[in-house]
Amino acid sequence: MSTQANQTTVPLLGPEILSIESKRENEFGSLTSKDYLHQVKVVEKPLAPPVIDTPPYYILLITYLNYLILIILGHIRDFLGTTFQKKKHAVFLEQDGLAPWYSKFESFYIRRLKMRIDDCFSRPTTGVPGRFIRCIDRISHNLNEYYTYPGTDSMCLNLSAYNYLGFAQSEGKCTDAALKAVDEYGVYSSGSRSQIGTTDLHRYTEQLIADFIGKEDSMIFSMGYGTNANFFNAFLDSKCLVISDELNHTSIRTGVRLSGAAVRAFKHGDMKGLEKLIRDQIVMGQPKTNRPWKKILICVEGLFSMEGTMCDLPRLVELKKKYKCYLYVDEAHSIGAIGPTGRGVCELFGVNPKDVDILMGTLTKSFGAAGGYIAADKWIIDRLRLDLSTPSYAEPSPAPVLAQITSSLEIIMGKLNPGEGTERLQRIAFNSRYLRLGLRRLGFIVYGTADSPVIPMLLYCPSKMPAFSRMMLQRKIAVVVVAYPATPLIESRVRFCMSASLTKEDIDYLLRHVNEVGEKLNLKLNTGKSSWDGKVQRWDIEDVIKKTPEDCKHDKYFVD
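Being a predicted model, the structure only gives us computed values, none of them experimental. (Residues numbered from 1 in each chain as written. Predicted model: local features only at pLDDT ≥ 70, side-chain atom pairs only at ≥ 80, totals over all residues. Heavy atoms only, no water.)

Description of the UniProt feature "transmembrane region" (unreviewed entry) in the protein chain
Okay, step 1: UniProt annotation of "transmembrane region" (unreviewed entry) refers to residues 57-76 when read in the numbering used here.
Okay, step 2: Secondary structure across residues 57-76 comprises 100% helix and 0% strand; the distance between its end C-alpha atoms is 29 Å. (UniProt positions renumbered as here; feature names shortened; annotations may be inferred. Helix = DSSP H or I, 4+ residues; strand = E, 2+ residues; numbered from the N terminus.)

Overview of the pairing of strand S9 (residues 296-301)
Okay, step 1: When you tally the buried positions in S9, you get six out of six residues, the bulk of the element.
Okay, step 2: By the alternation rule, side chains of S9 split into Ile-296, Ile-298 and Val-300 and Leu-297, Cys-299 and Glu-301, which are all buried.
Okay, step 3: Bridge count between S9 and strand S10 (residues 326-330): five bridges; the pairing is parallel. Within S10, the position partnered with Ile-298 by the bridge is Leu-327.
Okay, step 4: The parallel pair S9 and S10 is bridged by helix H10 (residues 313-323), and the resulting crossover is right-handed. (Buried < 20%, exposed > 50% of the residue type's maximum accessible area, 1.4 Å probe, protein only. Pairing = 2+ DSSP bridges. Right-handed = clockwise from strand over helix to strand, strands pointing away.)

Looking at the domain arrangement of the protein chain
Okay, step 1: Examined at the domain level, the protein chain breaks down into domain 1 (35-158 + 421-559) and domain 2 (196-397).
Okay, step 2: If you average the C-alpha positions of domain 1 and of domain 2, the two centres end up 28 Å apart.
Okay, step 3: Counting residues at the interface gives 22 residues for domain 1 and 19 residues for domain 2.
Okay, step 4: The contact between domain 1 and domain 2 buries some 1,700 Å² in all, and 64% of this surface belongs to carbon and sulfur atoms.
Okay, step 5: The interface formed by domain 1 and domain 2 includes one salt bridge.
Okay, step 6: Linking domain 1 with domain 2 are eight residue pairs in polar contact (both at pLDDT 80 or more), by the criterion used here.
Okay, step 7: Taken together, the elements giving at least two residues each to the side of domain 1 that touches domain 2 come down to helix H15 (420-442), strand S13 (454-460) and strand S16 (492-497).
Okay, step 8: Here the side of domain 1 that touches domain 2 is built from residues that sort into 13 nonpolar, five polar and four charged. (Domains from an automatic or database assignment. Contact = heavy atoms within 4.5 Å. Buried area = accessible area lost by both parts, 1.4 Å probe. Salt bridge = Lys/Arg side-chain N within 4 Å of Asp/Glu carboxyl O. Polar contact = N/O pair within 3.5 Å; in protein donor to acceptor, adjacent residues only side chain to side chain. Nonpolar A, V, L, I, M, F, W, Y, C, P; charged D, E, K, R; others polar.)

Notes on the sheet that holds strand S6 (residues 217-221)
Okay, step 1: Spatial ordering of the open sheet is given by S6-S12-S11-S10-S9-S7-S8, a layout of seven strands whose pairing is mixed. Two strands lie at the open edges of the sheet, namely S6 and strand S8 (262-266), each paired on one side alone. Within this sheet the neighbouring strands show an average axis-to-axis angle of 20°, counted without direction.
Okay, step 2: For S10 and strand S11 (residues 358-362), the ladder comprises three bridges, and the chain directions are parallel. Bridge pairing in S11 places Val-329 opposite Leu-359. (Axes fitted to C-alpha atoms, helices over the stretch in contact; angles between N-to-C directions.)

Here we look at the packing of aromatic side chains
Okay, step 1: Applying the stated criterion across every chain yields a total of nine aromatic pairs.
Okay, step 2: Seen in terms of ring centroids, Phe-231 and Phe-232 are 5.2 Å apart; in terms of plane orientation they differ by 75°. Their pairing is edge-to-face. Across the pair, Phe-232 and Phe-231 agree in class, each one buried.
Okay, step 3: An aromatic cluster is built from Phe-231, Phe-232, Phe-235, Tyr-326 and Tyr-328, whose rings are joined through pairwise contacts.
Okay, step 4: It is Arg-424 that lies over the ring of Phe-167; its NZ or CZ is 4.3 Å from the centre.
Okay, step 5: Across the ring face of Trp-539, the terminal group of Arg-441 is positioned such that the distance to the ring centre comes to 3.9 Å. (Phe/Tyr/Trp six-rings, centres within 6.5 Å; stacked < 30°, edge-to-face > 60°. Lys NZ or Arg CZ within 6 Å of the ring centre and 35° of its normal.)

Quick look at the structure:
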């Protein structure tokens, strides 16, 4: 964690970010002061429902008008193109009696809206996505129809990767463990896990994950998305019911559809609505037959990746016990990054993990590896080993990936490099709170709870989304912008992904440039509705940087 004697911490105050010489500093910045640490505490009271700030009505009107104009112009271009430029629009025209590849309507959003800002998505990168990330420069042609590459790259401050605890490094204990695993086990080239066999490293990793989470056993998968997409097919059938939060990830939706189970959605975070829905479904039973449901599974995420909000786990456990349902919690974004010792939402809320039937998580985010896991009682895992198709047909997790998982877990648990895991957890807690409170004090609308490493800042107008992304890239800052269908149509946003690898000076640099860009794009729309004192607080950037680091440790500034 500490730098060598001949290395110094380079503050991020401007274009000098490109002159940083230390490879280690590029990947994980050294802690500049112990004042920039925050110890997360167990939440003793239920979280209050988030108070969502809303922009002035003229912003909503402009947003709808933006989309209306884009849609009208797009349809005019389609009409003129299919009439006078048929060769360029052959893909959705009938040819030689054959049906078109796709209709104009189903491809309209991609061709006429998304393609115009495609340069803001899927930017090619190289190297380790640590504190900084190397973005490969490219030149767009014909409204992003194709790109050319001049052969250069730009070192950017990384606010775009799920490197929550900063384990994405090319040096250190995790890298050493991965290289050692290659020497001992080799690298799997092909074949399923059943063909290759389960190694002792597989079993050790699964047991270590189970011990960390607090469950009897766990099962690892080589792909996080596939963990959700395949689990429900083995656990549910057409006589089962899934009660799902409306903002659950698409991998959960895919898995539930594949299972054939019935689905009922409830409003995000609405526990009263959830209880009413459960009661109604118990009374009505299955469609047509009205027989009782074989299983009722409540499905939520621990930390919602687009909103930065957390589930009300204590209340969910209460409802689960009251109505004899199963509870499934997806901890893709919360495990490792949330809780006093990184054990996720169960630890944060003081809930016994045994009260949650199934805990799912990914190993890509906090652990810097790949894949996912299911943790549950041993009898459930034993059954899944027989029923679940993934272990039999999917690629197994390679040995170096397993070594990355185990070494990062051992660091978090204090078994390896004692103290390092604690520092990483306290750094991401401070960084998340500092950026969130800093943005709110500058006047931006920010969603999510205090300790969430996902920090969504609302942009609204579709034209401001590419403008913000490109202006930040010019300032050597890599960010992720998100829009429909991942979010509601009028709630496009930038999603800052916080990391323990960033320093306080990095966040200062980010706040200065976000403040500048926000002024130019009229993004400071906070009305004070979600402020701690009910008033609009527009702070000067210098006051924010000077006073916020100490204030962000006090919970009163995050109580809505």
